[in-house]
Amino acid sequence: MNIAVAVDDEVSHEAQSSASEAGPAAKRVVVGYGFWIFLLSDIVMFAAIFAAYAVLAHATAGGPGGVLLFNQRSVAIETGCLLASSFTCGLMSLATGSRRYAGTYLAALITFVLGASFLALELREFAGMIAIGAGPQRSAFLSAFFTLVGCHGLHVTAGLVWLTVMMAQVAIKGFRPTVERRLLCFSLFWHALDIVWVWLFTVVYLMGVLS
Amino acid sequence: MTDTQYDRAPGDATALPDVEQGTSSGVLVYTSGLFLAVVLTAMSFWVANTSLLWAGGVSLGLTVLAIAQMGVHLVFFLHVTTGPDNTNNVMALAFGVLIVALVVVGSLLIMADLNDNMMLAAELMNLQMQH
């Protein structure tokens, strides 16, 4: 009786042994964790730019403010594009997980098109603002605005380039472990960009048009 | 012994890859995440534009909605859970959130305090900056 209990204890203890007792983690976990740390540091950088923007938001130097410049309709479309592309990026990682080439390519294509439409809308908005003399040199508010939104736009551009490279790698190398790890990092990057955009449209565009 | 818990990579949905079941339930997770995010985004835009709500509380409401949507993204898209295989990811995230909060709240507090302490100068400066 006692022995049986002792054995049970031992088995349940082994079954619940913690992660640190399970030996070295798989490479996928280590790579993913490292990229997770990078993303968090990237988000800390965004936080500093956000803080600068929030401090300078009213320093318009007599130039146009947010109420005049921001078009909520185009921001709503941009938000929809980025959210939908985050969703298709999730579908892409599912297709990658079950090694379906067609599904991966299709989801990647939709993700790319949605990300590119987001970028096109944002560039059109920037061009419109610069055309009416509201460029980054006009006021501290506009400098902070172009830095913050432009930095996010640069990240999206980098993501689109990365996605193209990854699809070329899938086509040439197939689903080998290195390619799968890179795809995992890409999807982390793309979802993190969407989280940054949530704060961006809330703080810049929605709070910017409040009276 | 086969239950030994390994850490889970950030963004990975399941520790045990069960291809068939994993894909269909994965689609469900992403779809519910998309649905919740769309609802929260629509609410944010409505809150910013409606005149039904007390104007003073709108920015607080927008902040709460943004935090909620960030939570939806983390749980449904990045698969952050409270499970023991996710402890390292969650601890790193918590540290990141701490630094972000310190940077943003600290900057805003210090700048607001400076403006308060230099009341006259700040008013003059704002006059110069805005007009």
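A few points on the structure. Source: prediction; values computed, not measured.

## Some remarks on the overall build of chain A
So, point 1. For chain A, the count of helices and strands is seven helices and zero strands.
So, point 2. Along chain A, helices and strands appear, N-terminal first, in the series α-α-α-α-α-α-α.
So, point 3. Among the 211 residues that make up chain A, the fraction classed as buried is 50%.
So, point 4. Counting only contacts in chain A whose residues sit at least 6 apart along the sequence, the fraction spanning at least 24 positions is 79%.
So, point 5. A total accessible area of about 9400 Å² is found for chain A, and carbon and sulfur atoms account for 69% of it.

## As for the environment of Met-207 of chain A
So, point 1. Tracing the chain through its elements places Met-207 of chain A in helix H7 (residues 177-208).
So, point 2. When its relative accessible area of 24% is taken as the criterion, Met-207 of chain A is described as partly exposed.
So, point 3. Here the alpha-carbon distance between Met-207 of chain A and Gly-135 of chain A, two residues 72 residues apart in the chain, equals 21 Å.
So, point 4. Apart from residues lying up to four places away in sequence, Met-207 of chain A is in contact with Thr-202 of chain A together with Ser-59, Leu-62 and Thr-63 of chain B.

## Points about the side chain of Asn-89 of chain B
Residues and elements named next belong to chain B.
So, point 1. The residue Asn-89 is located in helix H3 (residues 87-117) in this model.
So, point 2. Using a relative accessible area of 3% as the deciding quantity, one classes Asn-89 as buried.
So, point 3. Of the polar contacts made by the side chain of Asn-89, one reaches the side chain of Asn-86; its length is 2.7 Å.

## Describing helix H5 (residues 101-131) of chain A
So, point 1. With 31 residues, H5 of chain A extends 44 Å between its outermost C-alpha atoms, agreeing within 8% with the 45 Å of an ideal straight helix rising 1.5 Å per residue.
So, point 2. Of the residues flanking the end of H5 of chain A, it is Gly-133 of chain A, one or two places downstream, whose phi is positive at about 80°.

Conventions and cut-offs
Residues numbered from 1 in each chain as written. Chains lettered and ligands numbered in written order. Predicted model: local features only at pLDDT ≥ 70, side-chain atom pairs only at ≥ 80, totals over all residues. Heavy atoms only, no water. Helix = DSSP H or I, 4+ residues; strand = E, 2+ residues; numbered from the N terminus. Buried < 20%, exposed > 50% of the residue type's maximum accessible area, 1.4 Å probe, protein only. Contact = heavy atoms within 4.5 Å. Areas by Shrake-Rupley, 256 points an atom, 1.4 Å probe, with all protein chains shown as cover. Polar contact = N/O pair within 3.5 Å; in protein donor to acceptor, adjacent residues only side chain to side chain. Expected span 1.5 Å × (residues − 1).

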